[in-house]
Amino acid sequence: MPTLNHCRDDFPILKRSVHNGAPLAFLDNAASTQRPRSVIQSMSECYENYYANVHRGIHTLSEESTERYEGSRKSVAKFINAKHDHEVIYTAGATAAINTVARSWGAQNLSSTDTVLLTIAEHHANIVPWQQLAAEIGFKIEFLPLDDFQIETEVVQEALASFQPKLFAFTAASNVLGTSVPVAQWTALAHQQGSTVLVDAAQAAPHQPLDVQAWDADFVVFSGHKVCGPTGIGVLHGKERLLEEMPPFLGGGGMINRVTTEGFKAAALPDKFEAGTPPIAEAIGLQAAVEYLNEIGLTAIEEHEKKLAKQAEHGLRQIEGVRVIGPQSGEKTGIVSFVLSHAHAHDVAHSLSERGIAVRAGHHCTMPLHHALGLTATTRASFYLYNTTEEAETLVQSVADIQRKFAPTGRRRRRRR
Ligand code: PMP
């Protein structure tokens, strides 16, 4: 099994120490990853050497900046194996991309008699935009339930047949359960029923080779900051035909072909969906990020983090009073969420932070999922290419210590009786 430990040197932030000089073990990658030096340098270089607004000026810097901005789109299109570069729309992130689909495709295609099918494991980013639109249009939203933290393909098939949803929108990989789903298979089933498909790839794009043509979904979204890229940029991939038919979501500069006092004609793709000054240096940083990940190899990254998550999960399951919130088997990612019998998730995260370990605690923007599981909060460790087996081991040992610290002693237990 190849180790990726050599990658650590590419990430300057990982050298710092945190609480009381403890070395940083950054296990909060599902929230946002860190950036390698090449990403940081590419953005500095943009600002230092060729930054100007894109698509507007005819001076040297604007031309250079435009060329680099469009070069970034080409790299990202290649990263996800898009058929056309102009199917890659830059948005502010996965959330903005889903909102764009809701406000553009959704407003154009959904009516009060329709159903949108989601899963109970969705991030709020793939629930709330549909709820907002449903409040205006009046369509129904149905949620696929979990069985042992997973959704069986037969359940998907049955729901598609019974609800006949106009849209099936689901996450390729849960940001809590550490599960991933057979995207191509679910998409094919949905298409057989005539449903349009949106895939939230926010937790998939950083961790596995992405092939949007193989998935065949109509829309795929992800965020730059979870693939070692900058914040403020994300991707909406849509099939050319659908994007052509959809109205622009935001109006303003850059997205028009012509404007008169009577109205406007929208620009061609991708500009139609990129109103206003886009995230220019961020696009440059995102290009550097996907090129960095390609160089390391997404398959190697996937194997590495699965190995670490498995190690952590195995260790955590051995600790009495610790419950892992996810299935024991099946397709897993680099995420392990857990609860302790006697400590709140926030106390666990706080105690881990005191030992230098960064994890996330709370509902992770999945309140319906937590509600369905009868939980209010979990602690989540999420691994990435630069994490090590030592960090996974430190996590397990630290959780064992914390569980001991918080568990009631025999004497306290007796007194309570
Ligand atoms: N979907 C999933 C599965 C996520 O994990 C996240 C981020 N936690 C999002 C969507 C939203 O991403 P962003 O905040 O970058 O828009």
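Residues numbered from 1 in each chain as written. Predicted model: local features only at pLDDT ≥ 70, side-chain atom pairs only at ≥ 80, totals over all residues. Heavy atoms only, no water.

1. Things to note about the side chain of Gln34
Inference 1: Within the secondary structure layout, Gln34 lies in the loop between β1 (25-26) and α1 (37-50).
Inference 2: Ignoring sequence-local partners within four residues, the contact set of Gln34 consists of Phe11, Ile13, Leu14, Phe26, Asn29, Cys228 and Tyr386. (Helix = DSSP H or I, 4+ residues; strand = E, 2+ residues; numbered from the N terminus. Contact = heavy atoms within 4.5 Å.)

2. A closer look at the pattern of salt bridges
When the charged atoms of two side chains lie near each other, side chains of opposite charge can form a pair.
Inference 1: Under the defined criterion, the tally for this structure stands at 18 salt bridges.
Inference 2: For Glu136, the salt bridge is made with Arg103, and the minimal N-O distance between the two is 3.1 Å. Residue Glu136 is found in helix α4 (residues 128-137), and its partner Arg103 is found in helix α3 (residues 94-109); the two are separated by 33 residues along the sequence.
Inference 3: The class of Glu136 is exposed, set by a relative accessible area of 56%.
Inference 4: One connected set of salt bridges, linked through shared partners, spans Glu70, Arg73 and Glu274. (Salt bridge = Lys/Arg side-chain N within 4 Å of Asp/Glu carboxyl O. Buried < 20%, exposed > 50% of the residue type's maximum accessible area, 1.4 Å probe, protein only.)

3. Concerning a negative patch on the surface
Inference 1: On the surface, Asp147, Asp148, Glu152, Glu154 and Glu158 cluster together into a negatively charged patch.
Inference 2: Assignment of secondary structure puts Glu152 in the loop between β4 (140-144) and α5 (153-163).
Inference 3: Overall, the relative accessible area of 38% leaves Glu152 in the partly exposed class. (Patch = residues over 30% accessible without salt bridge, like charges linked within 9 Å, V, L, I, M, F, W, Y side chains within 5 Å. Areas by Shrake-Rupley, 256 points an atom, 1.4 Å probe, with all protein chains shown as cover. Lys, Arg positive; Asp, Glu negative; His and termini not counted. Charge placed at Lys NZ, Arg CZ, Asp CG, Glu CD.)

4. Comments concerning the sheet that holds strand β7 (residues 219-223)
Inference 1: Pairing is mixed in the open sheet, where 7 strands are placed in the order β2-β8-β7-β6-β5-β3-β4. At either margin of the open sheet sits one strand with a lone partner, and together these are β2 (88-91) and β4. Averaged over all neighbouring strand pairs, the angle between strand axes comes to 20°, with direction disregarded.
Inference 2: Inspection of the sheet shows strand β6 (residues 196-200) paired to β7 by 3 bridges, in the parallel sense. When the bridges of β7 are listed, Asp200 appears paired with Val221.
Inference 3: Relative to the sheet, helix α2 (residues 60-79) contacts β2, β7 and β8 (234-238), its axis offset from that of β2 by approximately 115°. (Pairing = 2+ DSSP bridges. Axes fitted to C-alpha atoms, helices over the stretch in contact; angles between N-to-C directions.)

5. Structural notes on the domain arrangement of the protein chain
How big an interface is tends to be stated in terms of the accessible area lost upon association of its parts.
Inference 1: Assigned domains of the protein chain: these are domain 1 (4-30 + 297-403) and domain 2 (39-295).
Inference 2: Look at where the C-alpha atoms of domain 1 and domain 2 centre, and you get two points 28 Å apart.
Inference 3: Listed per partner, the contact involves 38 residues of domain 1 and 33 residues of domain 2.
Inference 4: Carbon and sulfur atoms make up 61% of the surface buried where domain 1 meets domain 2, a total of about 2800 Å² over both sides.
Inference 5: There are 0 salt bridges connecting domain 1 and domain 2.
Inference 6: At the junction of domain 1 and domain 2, the tally comes to 15 residue pairs in polar contact (both at pLDDT 80 or more).
Inference 7: Mapped by element, the contributors of at least two residues to the side of domain 1 that touches domain 2 are α10 (298-318), β11 (322-324), β12 (335-340), α12 (367-372) and β15 (378-382).
Inference 8: Along the lines of polarity and charge, the residues of the side of domain 1 that touches domain 2 split into 19 nonpolar, 12 polar and 7 charged. (Domains from an automatic or database assignment. Buried area = accessible area lost by both parts, 1.4 Å probe. Polar contact = N/O pair within 3.5 Å; in protein donor to acceptor, adjacent residues only side chain to side chain. Nonpolar A, V, L, I, M, F, W, Y, C, P; charged D, E, K, R; others polar.)

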